[in-house]
Amino acid sequence: MTRNEFLDNINSWWELIEFCNDEDCDVCEEIVDEDQKNDEVNADLCDEARRTDWEDIRNWLNDIPVGYEYYRCDGMFDYVPMNNGSDFQEYKDAVLEWMDDGGYWDDEEEEYPEDVIDDEPFEEDDEEDEEDEEDGSIDEDEFLAVLGRVV
């Protein structure tokens, strides 16, 4: 993907996360959606249930925000809601910087006007061919030769 394509086409969290995954970029690795957050909380609950009393777990669960599309996971039971405005732009800028620093962008393709067909110079045919083409006629011998091939 070129830098301009990234700027034009990456406009949502899922697109940015998918891009990071495709490019092995770790900038977005702590960003999770609601379902991933729920899965991680469930796994953390199982782990902590063996080590901690239920009151501490209840307090941690009460502090977890809900109802957002994306979160940043800062640790066990520590999720920060991410907005689609400034938070998204901050991460997109960080990915841009990571790609710029690594020189990972595809080269931009040069755009040419569609009306340019050929760079070859025009070569004139000999005058005899031009005369035949101009009036569209052929002589009688040529006509009979063509007719003979058809019959």
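No experiment lies behind these values; they were computed from the predicted model shown.

Cut-off values and rules
- Numbers given to residues run from 1 along each chain, matching the order in which its sequence is written.
- Reporting of local features is limited, given that this is a predicted model, to residues whose pLDDT is at least 70; pairs of side-chain atoms are given and counted only at 80 or more, and all residues count toward the totals for whole chains, interfaces and linings.
- As a rule here, side-chain values come from all non-hydrogen atoms in the structure, and water together with hydrogens is ignored.
- Secondary structure elements are taken from DSSP: a helix is a run of H or I of four residues or more, a strand is a run of E of two residues or more, and numbering for both begins at the N terminus.
- A simple rule labels every residue: compare its accessible area, found with a 1.4 Å probe on the protein chains alone, to the largest value its type can have, and call it buried under 20%, exposed over 50%, or partly exposed in between.
- Should any heavy atoms of two residues lie within 4.5 Å, those residues are considered in contact.
- When DSSP finds at least two bridges between two strands, those strands are taken to pair.
- Residue types Ala, Val, Leu, Ile, Met, Phe, Trp, Tyr and Cys, when buried and joined through side-chain atoms within 4.5 Å, form a set referred to as a nonpolar core.
- Charge assignment: positive for Lys and Arg, negative for Asp and Glu; neither His nor the chain ends contribute.
- Take a side-chain nitrogen of Lys or Arg and a carboxyl oxygen of Asp or Glu: if they are within 4 Å of each other, that pair is a salt bridge.

### A look at the side chain of E48
Right, so step 1: Residue position: E48 is located in helix α3 (residues 34-49).
Right, so step 2: Under the relative-accessibility criterion, E48 is labelled buried at 9%.
Right, so step 3: Leave out the neighbours within four places in its chain, and E48 touches I57, W60, M76 and F77.

### A closer look at the pairing of strand β3 (residues 78-82)
Right, so step 1: Both strand β2 (residues 70-75) and β3 contribute to a ladder of five bridges, which runs antiparallel. Its bridge partner lying in β3, Y70 is registered against M82.
Right, so step 2: Hairpin remark: β2 followed by β3, antiparallel, with two residues in the connecting loop; positive phi at F77, about 60 degrees.

### What about the nonpolar core?
Among soluble globular proteins, nonpolar side chains are generally buried collectively.
Right, so step 1: The biggest cluster of nonpolar side chains holds 19 residues, and the ones touching the most others in it are F6, W13, L16, C28, I31, Y91 and V95.
Right, so step 2: When contributions to this core are tallied by element, the ones reaching two or more residues are α2 (13-22) and α5 (86-102).
Right, so step 3: Setting aside anything within four residues of it in sequence, one finds V95 in contact with F6, L16, F19, C20, C25, V27 and C28.
Right, so step 4: Listed in part, the six residues of the second largest apolar core include V32, I64, Y71 and Y79.

### Some words on the side chain of K92
Right, so step 1: Examined against the element boundaries, K92 turns out to sit in helix α5.
Right, so step 2: Lacking a salt bridge, the buried K92 has D93 as its closest oppositely charged neighbour, with an N-O distance of 7.2 Å.
Right, so step 3: With residues up to four places along the chain from it excluded, the contact list for K92 reads F6, L7, I10, N11 and L16.

### Side note on unusual backbone geometry
Right, so step 1: In this structure, D24 takes a positive phi of about 55 degrees despite not being glycine.
Right, so step 2: On the secondary structure map, D24 appears in the loop between α2 and β1 (31-33).
Right, so step 3: Accessibility expressed as a relative area gives 69% for D24, which makes it exposed.
Right, so step 4: Positive phi, close to 60 degrees, is recorded for F77, a residue that is not glycine.
Right, so step 5: Along the chain, F77 turns up in the loop between β2 and β3.
Right, so step 6: The buried category is assigned to F77, whose relative accessible area is 8%.

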